[in-house]
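Residue-level listing of the chains:
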Amino acid sequence: MNGVVTASGETIEPFGRSLFDRVSERALSRVGVVDVGSNSIRMVVFDGAARSPAYFYNEKVMAGLGQGLAETGRLNPEGVTRGMAALKRFAALAEGMGIKPLTCVATAAVREAEDGPEFRKAVEKETGLKLWVIDGEEEARLSAQGVLLGWPEAKGLICDIGGNSMELAELSDGKVGRRISTPLGPFRLQQVKGGQAGLTAHIRNILEDAVAKMGSDHEQIYLVGGSWRAIARLDMERTKYPMTVLHEYRMAPENVLETVDWLSKQNLSDLRGKLGISSSRIELVPLASLVLRQLVQTFSPQCLAVSSYGIREGLLYEQMPLNLRSRDPLIEAARFAERQMARVPGFGKRLYQFIEPIYKDPEPSLDRLVKAACLLHDTTWRTHPDYRADACFDNVTRANMAALSHPERVFLGLSLLHRYRNSRANSAMAPLFKLLSDQQIRDAEVLGKAMRFGAMFSIKDPAEAGRLKYSAKKNILELRLTPTGQALMGEVALARFNSLASALGAEPQVVI
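My aim in this report is to walk through the structure given alongside it, one point at a time. Note on numbering: residues in each chain are counted from 1, in written sequence order. Per-residue local features of the predicted model are confined to residues with pLDDT of at least 70, and side-chain atom pairs are confined, for both listing and counting, to 80 or more; whole-chain, interface and lining totals are unaffected and use all residues. The side-chain figures draw on all heavy atoms in the structure; neither hydrogens nor water molecules are used.

Before going further, it helps to spend a moment on helix H14 (residues 311-318). Relative accessibility decides the category of a residue: with a 1.4 Å probe and only protein chains considered, values under 20% of the type maximum give buried, values over 50% give exposed, and everything between is partly exposed. Note on conventions: DSSP H or I runs of at least 4 residues are helices, E runs of at least 2 residues are strands, and numbering of each starts at the N terminus. Judged by how many residues are buried, H14 sits mostly within the fold: 7 of 8 residues are covered. The set of residues buried in H14 consists of Ile 311, Arg 312, Glu 313, Gly 314, Leu 315, Leu 316 and Tyr 317.

Let's shift gears to the packing of helix H9 (residues 226-239) against helix H11 (residues 268-275). Only the stretch in contact is used when fitting a helix axis, every axis being a line fitted to C-alpha atoms; angles between N-to-C directions are given from 0 to 180 degrees. Across the interface, H9 lies against H11 with an axial gap of 11 Å and an inter-helix angle of 90 degrees. The pairing of H9 with H11 is recorded here as roughly perpendicular in orientation. In this structure, H9 uses Arg 233, Leu 234 and Glu 237 to contact H11, whose residues at the interface are Leu 271, Lys 274 and Leu 275. Side-chain classes are defined by residue name, with Ala, Val, Leu, Ile, Met, Phe, Trp, Tyr, Cys and Pro counting as nonpolar, Asp, Glu, Lys and Arg as charged, and the others, Gly among them, as polar. Taken together, the residues of the contact of H9 with H11 break down into 3 nonpolar, no polar and 3 charged. Comment on the angle field: the value is read as roughly parallel under 35 degrees, roughly antiparallel over 145, roughly perpendicular from 65 to 115, and oblique elsewhere. Two residues form a contact once any of their heavy atoms are found within 4.5 Å.

What follows is about the packing of aromatic side chains. Working definition: a ring pair exists when centres of Phe, Tyr or Trp rings (six-membered ring for Trp) sit within 6.5 Å. Plane angles under 30 degrees give stacked, over 60 give edge-to-face, the rest tilted. Inspection of the entire model under this criterion finds 8 aromatic pairs. Seen in terms of ring centroids, Phe 393 and Phe 433 are 5.8 Å apart; in terms of plane orientation they differ by 65 degrees. Their pairing is edge-to-face. Within this pair, whereas Phe 393 is found in helix H19 (residues 388-398), its partner Phe 433 is found in the loop between helix H20 (406-420) and helix H21 (438-457), the two being separated by 40 residues in sequence. With a relative accessible area of 10%, Phe 433 lands in the buried category. Relative to Phe 497, the ring of Phe 453 lies with its centre 5.6 Å away and its plane at 50 degrees, an arrangement referred to as tilted.

Sheet strands pair by backbone hydrogen bonding; their relative direction is either parallel or antiparallel. Taken together, 5 strands build an open sheet; the order of strands is S5-S4-S3-S6-S7 and the sheet is mixed. The two strands at the open ends of the sheet, each matched to only one other strand, are strand S5 (54-61) and strand S7 (131-133). Direction aside, the axes of adjacent strands within the sheet are offset by 20 degrees on average. By the bridge criterion, 7 bridges tie strand S3 (residues 30-36) to strand S4 (residues 41-47) in an arrangement that is antiparallel. Counted as the bridge partner of Gly 32 is Val 45 from S4. Against the sheet, helix H3 (residues 77-97) contacts S3, S4 and S5, and its axis sits at roughly 160 degrees relative to S5. By this definition, two strands are paired if DSSP reports at least two bridges between them.

In short, geometric facts, not functional conclusions.
Listed below in C-alpha cells is the structure:
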C-alpha cells in the first residue's frame, strides 16, 4: 500500500502524516507539570513523541502534606517544610531546563486544609510557582484524561486513590462522564474509629453511595495512584508474574481478593525491602487494601487494570489538539524512536509495505503491532551483536509505551528478537513467552523473520529489489525479483528468505 490520494490531494499513508511536521504538535515536545498531592509532590517533564510522552525528567518527594489533616484541619507542618523545599528545587530545575511556566496543580490536602491558602501564597512568594487548586471532580476528570492518554479506547470506571481522597470517573467513547470525589484516602481512614469492623462498614457505606451515583455496570476499573500500584506489585510477587511493568497490568477480581487476604498475613516490612517500595507507601497499603476489597465487592468489575498515567498525564492530554488525541500512542512512540535511533529513518514504512503481502486483511490489533515492529526493527543497531536480539526484546517489554498490553509487549519483543536471531532457543527472556499462545509465538516468529529478510534484502527500499506474494491456500511464498534484486539475492539473503518460508510452513519460490 503506497498511499491513498483524497479528493483534496492529500496522500494518506499507512502510518499517517508525521506529527513532527506540525508546529502545534512539536510545541508539546517538552511540557513540565507539578502535582502537589496529599502524600507526594512530583515534577514531571514530558519530552519526545507528543502523543506518547517520554519522561525527560521525573522526581517525587513523599512530603505527606495531608498527614493528620482529618484530625487537625491543617497541613502537616513537617510536610509543609519538605513540600516547600521540593517546590523550590522544582522551580530551579524548570528554570535550568528552560521550561516556563510550570503547570502546578494541588489536590485534596491543599484544597481542604484551613491553612491551604496560606501555603499557596507562601509557595508563590518563595518559588514563583502558582498552584492551581482543583476540586474533587476536576481531579477525577484530569485523572481520567491521563488514562485516555494511555488507553485511547478506555471504557469503564477510573479510580484514583490519593492520600486524603479517592476520585471516581466514568469513561466511554473517549469522553469523561460522571465523576465524584470520596473521602477514602488512607490518611483520612486513619482517623476512623471502631477498628477493622468500623473501617469496613465506613468504606462500604461510602462506596454504596458511590454506586448509586456512578452506576454498577462498569466491566473494567482502571486503578490510578501509588497505593494501587504498590498493591499490584505485591500481587505480581504473590503470583510470580514474569513481568514487573505495572502499566496495563491486569488483575481478575478473584485474584485481587486473594492478594488482599494474602497481604493481611505478610510482613510488609520484608516485602518492602525485597520489592523496593518506599516505607511511606507501604504504610498505606493495609488501608488501601481494605478499600480495594470493598471496591471489587461493590462494583463487581470483570477486570481491574493498573494505569501509571494519572493527573500529570491528564494535564498533558489537556493541551493536545483533538487531531493529536486521535493518534495511536504506540505508533507515534515507535515513529519517534525510529527518527532518533535508526540508521535509516523512514525505512520502517518501506519495510512494512514490503512484508504486507504476508498479511491478508489483518485484524487492526495485529496490524498496529506489525507497523510498530517495522518502525522499531533497527533502533538497537548500536548494541553489541551478541546481545542485540535480547536487547530488542528487553527494550520493548520494559519501554514506557502506552496502548500496549503485556502480551502485546511480549509479542513485539519476540518479533524483534527474531529480527536479529533465527532461533529463540535458550533465550534469557523465555519465562515471558508464557504470556503468549502457541499461535501468537508463531506469528511473532514469522513477523521477525520477515523483517530479518526484508531489512537486509535492500538498503534503500526492498520494493526496488523484489515483491513478495504469499498464498496460504497453496502454501507458497513467492519472491519476484527485479533486475536490481537479482544482484542483491545472495547466499545470506536466500537463506533468510527460506527461513521465513519455513516459519510460514510454505514452499519458497524465487521468480526472476
